[in-house]
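# Notes for the structure review
Take a look at the letters that make up each chain.
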Amino acid sequence: MKNIFLIIITTILFSACDKALEEVPKDFVSKANFYKNEQDAEAAIAGAYAGMQNDFFGITNYLMTELHGDYLFGRGSQAPITIWDQILNQQNIGRCATNWSSFYTTINRANAVLDNVPNIENMDANTQKQILAEAHFLRALCYFELVRGWGAVPLKTKESIDLSAVEAPRSPESEVYDLIVQDCLIAENDLGEVGGETGRASKWAAKMLLAHVYLTIENWPGAAEKANDVITNGPFSLITVTESDDFYKIFAVDTSTEDIMSMHHSETKGSTIPNYLHRAGNVPYNYSSGGVFAWLPDTNSFIGDSWDNNDLRKNFNLYTQYQNANGDWVPLPSTTPVLFKKFITNTSGISLYSVPIYRFTEAYLFYAEASSMADGSPSTLALERLNMIKRRAYGFDPNSVSPVDYPSGMSGDAFRDAVIQERAYEFITERRRWFDLKRTGKVKEAFAAAGKTIIDERLLYPIPEDEINNNPAISQQDQNPGY
């Protein structure tokens, strides 16, 4: 988000006084004197986008999703997240509650847009339609995160303005997905092109979200159709890669030809992700004074010796050396011999890059998996699109046959495993692995392969105690197992 966040929404909450005010101050913002014009509508949708915070609904959400992967460990207060034979401790239960609140705050802001913007008179019809579509997209995105993380969740489709709107039971996952699909279809139909602001939703972002949703609920033809639409009709192209640092053309820039939607950063709105990946002063990857390196690679997993060193993504995602004050390359300390590298800072210590929400690479892998699942085995096109991503990873031309191609004649199961493996390599530290394992039923298998045992209670996050205490339609009996 760029220009849209230049609009500031001022909200003042106050309690009733003995003497009512005879005149409403001109700087007071309420529903009665807001939602009057197009600028108010833009401010309202900016407030909804602001719920996504600096990274993706805040670093607490990012880390909780990421640290549920099988290929890393947490450090410090995040270490208990990766103790898989135990439920979450109180601090991390609190982090889950923070994430729940972030999603529902954004949902309520989106609902406020949907409830009020249609009533603004003398507003440009196309602008109004665009803003409403963005609200539908954001609501769908939030519920997609909620239903995958917590299972059945309360459905709220109207703005909550007082305590009377708190009561809402957990709705079955099928009903939550029905709303998500409905919102996505509206967004797909009414949103415009990407334009210059990939921090805002476009019809292509809506198609990617819809493909992702369809893949999750096993609507294979629908997922394949949406992904194919993005590939064949979208204004995107794969970045050329011949060496590992070429991937910085995707991740260390404001935007690229692969950027369908992303979280943008600036000198005043920096990402905090590098602080969780690097030690302080790990030049040339982290020039910032901060560095808690709380996400540590687990080389007993698929990112260890089994990962081909010729795959350029390996050197791009992991590093074992850094430059000291003299500019000499020295090994990382034995306590943390390998760290993640994808997200970095610049020489000023500012995180300027964009964090992907959806990038073009994923459309190829969505299509490959969905098409093969729909047909029962991989078609020539599905195989080709999987191979395009693998070829690029090894520095080959994505459009030409290469020595690293997956062979024809793979079974449907083997092919899907190959797609999920390519997704694992491609989207390291991009919030994908945990939910990929969950939707494919591969959690325990993948964790066992990394020497870990995970209990069933860890497959869902705990419902926040505040929700149970304040929502009359939910009791402790509605809590997820183990909490």
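The structure displayed is predicted, hence computed values, not measured ones.

Inspection of the secondary structure puts Lys390 in helix H12 (residues 380-393). This buried residue, Lys390, is left without a salt bridge; Glu422 holds the nearest opposite charge, at 4.8 Å. At a separation of 3.2 Å, a polar atom in the side chain of Lys390 contacts the main-chain carbonyl oxygen of Val404. Apart from the residues within four sequence positions on either side, Lys390 is in contact with Val404, Tyr406 and Glu422.

With respect to burial, strand E4 (residues 259-263) is a largely interior element, five of its five residues being buried. Where E4 and strand E10 (residues 355-359) come together, four bridges link them in antiparallel fashion. Within the sheet, the bridge partner assigned to Met263 lies in E10 and is Val355.

With that out of the way, let us pick up the confidence of the model for the protein. In the predicted model, the protein carries a mean pLDDT of 92, and 93% of its residues have values of at least 70. Across residues 1-29 the pLDDT falls below 50, and counting only partners more than four positions away or on other chains, this stretch makes 30 contacts in the model.

Let us look at helix H2 (residues 59-66). With seven of its eight residues buried, H2 lies for the most part within the structure. By the burial criterion, the buried members of H2 are Ile59, Asn61, Tyr62, Leu63, Met64, Thr65 and Glu66.

This brings us to the packing of aromatic side chains. Under the definition given, this model contains 26 aromatic pairs. For the ring pair Trp100 and Tyr104, a centre distance of 5.0 Å and an interplane angle of 50 degrees mean the geometry is tilted. Pair noted here: Trp100 and Tyr104 are both in helix H3 (residues 90-116), with a separation of four residues, about one helical turn. The burial state of Trp100 is the same as that of Tyr104; both residues are buried. Taking 5.7 Å as the distance between ring centres and 35 degrees as the angle between the ring planes, the aromatic pair formed by Phe251 and Phe316 counts as tilted. Within this pair, whereas Phe251 is found in helix H8 (residues 248-251), its partner Phe316 is found in helix H10 (residues 312-317), the two being separated by 65 residues in sequence. Look at Phe251 and you get buried, because its relative accessible area is 2%. A connected cluster of aromatic rings, assembled from ring pairs, spans Phe56, Phe57, Trp100, Phe103, Tyr104, Tyr143, Trp150 and Tyr461. Its end group placed over the ring of Trp204, Lys207 keeps NZ or CZ at 5.7 Å from the ring centre.

With 145 residues, the main nonpolar core has Phe137, Ile180 and Trp295 as its most contacted residues. In terms of residues, this core owes the most to one element, helix H4 (residues 125-150), which gives 14 residues. Ignoring sequence-local partners within four residues, the contact set of Phe137 consists of Ala187, Leu191, Ala201, Ala205, Ala206, Leu209 and Met261.

Axis separation between helix H6 (residues 203-216) and helix H11 (residues 360-375) bottoms out at 11 Å; the angle between their running directions is 30 degrees. In this structure, H6 meets H11 at a crossing whose hand is left-handed. Across the interface between the two elements, Met208, Ala211, His212 and Leu215 of H6 pack against Glu362, Ala363, Phe366, Glu369 and Ala370 of H11. Per-class residue counts for the contact of H6 with H11 are six nonpolar, one polar and two charged.

Our focus in this paragraph is the environment of Ala252. Note that Ala252 resides in the loop between H8 and E4. C-alpha of Ala252 to C-alpha of Ser351: the two residues are 99 residues apart in sequence and 8.9 Å apart in space. Aside from chain neighbours lying at most four places away, what touches Ala252 is Ile344 and Tyr353.

What counts, and at which threshold
Residues numbered from 1 in each chain as written. Predicted model: local features only at pLDDT ≥ 70, side-chain atom pairs only at ≥ 80, totals over all residues. Heavy atoms only, no water. Helix = DSSP H or I, 4+ residues; strand = E, 2+ residues; numbered from the N terminus. Buried < 20%, exposed > 50% of the residue type's maximum accessible area, 1.4 Å probe, protein only. Lys, Arg positive; Asp, Glu negative; His and termini not counted. Salt bridge = Lys/Arg side-chain N within 4 Å of Asp/Glu carboxyl O. Polar contact = N/O pair within 3.5 Å; in protein donor to acceptor, adjacent residues only side chain to side chain. Contact = heavy atoms within 4.5 Å. Pairing = 2+ DSSP bridges. pLDDT = per-residue confidence, 0-100. Phe/Tyr/Trp six-rings, centres within 6.5 Å; stacked < 30°, edge-to-face > 60°. Lys NZ or Arg CZ within 6 Å of the ring centre and 35° of its normal. Core = buried A, V, L, I, M, F, W, Y, C linked by side-chain atoms within 4.5 Å. Axes fitted to C-alpha atoms, helices over the stretch in contact; angles between N-to-C directions. Left-handed = near helix turned anticlockwise from the far one by under 90°. Nonpolar A, V, L, I, M, F, W, Y, C, P; charged D, E, K, R; others polar.

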